[in-house]
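Examining the three-dimensional arrangement
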Amino acid sequence: MTPYVDCYAQRSYPMPDEPFCTELSEEQRALKEKEKGSWTQLSQAEKVALYRLQFHETFAEMNHRSNEWKTVMGCVFFFIGFTALVIWWQRVYVFPKKVVTLTEERKAQQLQRLLDMKSNPIQGLAAHWDYEKKEWKK
Amino acid sequence: SHQKRAPSFHDKYGNAILAGGAIFCVSTWTYTATQIGIEWNMSPVGRVTPKEWRDQ
């Protein structure tokens, strides 16, 4: 479809190539004929009706702040939240059993080994361990 | 003419949908992150007592 016609009229291109209404009723065609005469003969309502035949929206309507973002963001949040439910399902039905190296005991032993190797002694793990008292530095 | 626009779907329900979606999102993620058994592998510093491993 050609852009910028009919309801594609917008603030940056306010004058569509085609009028909004192309198929006119008898009454509307008579109004269009009357438009060819002097516009002082037209009533306010007729001017508005002619505008509505030509354009989809007024500038006031185009500039009107829309609340659509609320609906959009609400749906976005809903689906992000739904993702958490999917992860819950995966936790129950998909995740494998925890491997032995992730048990509390093995992790404590791995920690002792890291401390024995003086792992990252300046700012990291070993720097927080008091090797004399064998406890974490306060 | 200054005709009043009829409130659209978004005007009517936008706030409710936004609030509902945000609350649902926060609650499900809070539950998933804390209650279903995911371990976050926090730093052991000051928390875990190391355990001797050599004599195994």
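Summarised in this report is the structure supplied together with it. (Residues numbered from 1 in each chain as written. Chains lettered and ligands numbered in written order. Predicted model: local features only at pLDDT ≥ 70, side-chain atom pairs only at ≥ 80, totals over all residues. Heavy atoms only, no water.)

A word on the packing of aromatic side chains. Within this structure, the stated rule accounts for eight aromatic pairs over all chains. Ring geometry for W89(A) against Y93(A): centres 5.8 Å apart, planes inclined by 40°, an arrangement best described as tilted. Residue W89(A) and its partner Y93(A) are both found in helix α4 (residues 68–93); the two are separated by four residues, about one turn of the helix. We classify Y93(A) as exposed; its relative accessible area is 62%. Across the ring face of W53(B), the terminal group of R113(A) is positioned such that the distance to the ring centre comes to 5.3 Å. (Phe/Tyr/Trp six-rings, centres within 6.5 Å; stacked < 30°, edge-to-face > 60°. Helix = DSSP H or I, 4+ residues; strand = E, 2+ residues; numbered from the N terminus. Buried < 20%, exposed > 50% of the residue type's maximum accessible area, 1.4 Å probe, protein only. Lys NZ or Arg CZ within 6 Å of the ring centre and 35° of its normal.)

Any two packed helices are characterised by the angle at which their axes cross and by the distance between the axes. Residues and elements named next belong to chain A. Running from N to C, helix α1 (residues 26–35) and helix α2 (residues 44–54) cross one another at 105°; their axes reach a closest spacing of 11 Å. Taken together, the axes of α1 and α2 are roughly perpendicular relative to one another. Counting all contacts with α1, which are made through Q28, L31, K32, K34 and E35, the residues of α2 involved are E46, A49, L50, L53 and Q54. Here the contact of α1 with α2 is composed, by residue class, of four nonpolar, two polar and four charged. (Axes fitted to C-alpha atoms, helices over the stretch in contact; angles between N-to-C directions. Parallel < 35°, antiparallel > 145°, perpendicular 65-115°, else oblique. Contact = heavy atoms within 4.5 Å. Nonpolar A, V, L, I, M, F, W, Y, C, P; charged D, E, K, R; others polar.)

So, on to the interface of chain B and chain A. If you look at the interface, chain B gives 34 residues, while chain A gives 37 residues. We note a salt bridge from K98(A) to E39(B), for which the minimum N-O separation is 2.5 Å. Residue composition of the side of chain B that touches chain A, by class: 15 nonpolar, twelve polar and seven charged. (Salt bridge = Lys/Arg side-chain N within 4 Å of Asp/Glu carboxyl O.)

What follows concerns the packing of α4(A) against helix α1 (residues 9–35) of chain B. Where α4(A) contacts α1(B), the axes come no closer than 7 Å and their chain directions differ by 25°. On the basis of the axis angle, α4(A) is roughly parallel to α1(B). Relative to α1(B), α4(A) is oriented so that their crossing is left-handed. Residues of the contact of α4(A) with α1(B), tallied by class, amount to 19 nonpolar, ten polar and two charged. (Left-handed = near helix turned anticlockwise from the far one by under 90°.)

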